[in-house]
Amino acid sequence: MADHELRIVIAGAGIAGLAAALRLQRDGHRVLVVERAAERRTGGYLVNLLGPGFDAADALGLVPALRERDQGIFTSLLVRADGSTKTTMPAALAEQSLGSRALTVFRGDLEAVLFEALGGAAEVRFGTSVTAVTDGAAGPLQVTLSDGSEHEADLLIGADGLHSGVRELVFGPKAQYVRDLGHAVIAFPMEAAPEGLPEQTASTFIDVGRTAAVFRPRGGAPSAFFTYRTDETPRGPVEALAEHFGDLSGPVHEAARWSADTDDAYVDSVSQVVMDAWSRGRVVLLGDAAWCVSLFAGHGAGLALAGADRLGAALLDHPGELSDAAREWETGLREEVRTRQRQARAGMARFAPPSRFHVHVQDLMIRALTAPVVGGLLMRGLHRVMER
């Protein structure tokens, strides 16, 4: 429990914001969370919690509830353009390597577990955003919200994602920090599972400059994921899929295309956030707002949980010394974030191979993974890399 109670405003009720609210209110701080969306998001794509991400979920007391929503490890099918299967990678290969300290959950389920754990201990205002911040040398931090209210705070946490409004207000235009990786992503839930795709199975098509995947979990709706190389701002999902994936056929690809015309579709450029510092005065950025590693890296949810938990610990270790707490917290996370960002940039070729040669090499690697002895060794090696 904190010896020095802080008044904290958190912008963003996603994974990073809710995790910070949960940790900080448990530590005895007074927390207000504001979220620009009108209501809490549900569904979303699958996220993996491994290594530090799993440890943070455990430290926050989330693992029992997340176990109930765990989708487990998927059997992976590598398919051709007509949807027929080239290679099958059984789920058992990954399960042998990952063991019990791994979770695969829908992003919306993780946010729901965090929200339920918070249990009304902190106020959450939806349809509200931060519109102004005044952090003078004298007096408290002043935070103005879009509902017209003004709040004196000891700390403002910007956990409002890649397109952070708090970052824009306090640190400057996003063009200074957001690095476009030259790819677009489209993801959306599907109304029904494609014909012939079993439960707990992922079907993936990988080609030059693009990947298409469909996931059918044992619980929850199926979902589709597409990424492709482009220097243009992503357009609507129907138009983009027709242009970049219109040649694909078979039940898996057809089902994904029919489901693309939905309000729930997520369409965006693939980007990273690179900043020299994640804090300024009494304002701290957290999660994607500070260090978005991109979906090519994975681990975004785990880093958000770990970042929130470690920020709480740093504030306890340095009561009344916000600058010291922020410095210690950032030092502890910085190298891990850099590593994940490097891995993402190096790994882009896995999601959108630059040439036919790269596709061929990737096919050979996947086939090697399916061989019992070689596959077991490679999966253990892959797991060690992911844990770094």
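Going by what an unreviewed UniProt entry lists, the chain is known as Monooxygenase and is assigned to Tsukamurella pseudospumae.

Asks: It is not clear to me how the side chain of E330 should be interpreted in this structure. Could you clarify?
Replies: Within the fold, E330 resides in helix α11 (residues 322-351). By relative accessible area, which is 12% here, E330 ends up buried. Not counting the four nearest positions on each side in its chain, E330 is found in contact with D276, A277, W278 and S279.

Asks: For this particular structure, what's the right way to read the sheet that holds strand β4 (residues 75-79)?
Replies: Hydrogen bonds between backbone atoms are what pair the strands of a sheet, whose relative direction is either parallel or antiparallel. On the basis of which strands lie adjacent, the open sheet formed by seven strands has the order β5-β4-β13-β14-β15-β12-β16 and mixed pairing. The open sheet has two edge strands with one neighbour each: β5 (85-89) and β16 (266-273). Neighbour-to-neighbour, the strand axes of this sheet turn through a mean angle of 20°, independent of strand direction. In this sheet, β16 lies alongside strand β12 (residues 178-189) in antiparallel orientation, the contact comprising seven bridges. Bridged to A187 within β16 is Y266. Here helix α7 (residues 237-245) sits on the sheet in contact with β12, β14 (210-216), β15 (223-229) and β16, set at roughly 65° to β15.

Asks: Explain the pattern of salt bridges to me, please; I cannot follow it from the model alone.
Replies: Two side chains of opposite charge can pair, provided their charged atoms sit close to one another. The tally for this structure, following the rule as stated, stands at 22 salt bridges. One salt bridge in this structure joins D55 and R101, with 2.6 Å as the shortest N-O distance. Taken together, the residues D55 in helix α2 (residues 52-59) and R101 in the loop between α4 (91-98) and β6 (102-106) connect sequence positions 46 residues apart. For D55, a relative accessible area of 40% translates into the label partly exposed. With a closest N to O distance of 4.0 Å, R338 and E335 form a salt bridge. Linking R338 with E335, this pair stays in helix α11, spanning three residues, or about one helical turn. Here E335 falls in the partly exposed class, since its relative accessible area comes to 43%.

Asks: Help me understand helix α10 (residues 300-317), please; the structure alone is not making it clear to me.
Replies: Every α-helical turn comprises 3.6 residues, leaving residues that sit three or four positions apart pointing alike. Between the first and last C-alpha of α10 there are 25 Å, a value that for 18 residues agrees with the 26 Å anticipated at 1.5 Å per step. By the criterion of burial, α10 is predominantly enclosed, with 13 of the 18 residues buried.

Calculation rules
- Residues numbered from 1 in each chain as written.
- Predicted model: local features only at pLDDT ≥ 70, side-chain atom pairs only at ≥ 80, totals over all residues.
- Heavy atoms only, no water.
- Helix = DSSP H or I, 4+ residues; strand = E, 2+ residues; numbered from the N terminus.
- Buried < 20%, exposed > 50% of the residue type's maximum accessible area, 1.4 Å probe, protein only.
- Contact = heavy atoms within 4.5 Å.
- Pairing = 2+ DSSP bridges.
- Axes fitted to C-alpha atoms, helices over the stretch in contact; angles between N-to-C directions.
- Salt bridge = Lys/Arg side-chain N within 4 Å of Asp/Glu carboxyl O.
- Expected span 1.5 Å × (residues − 1).

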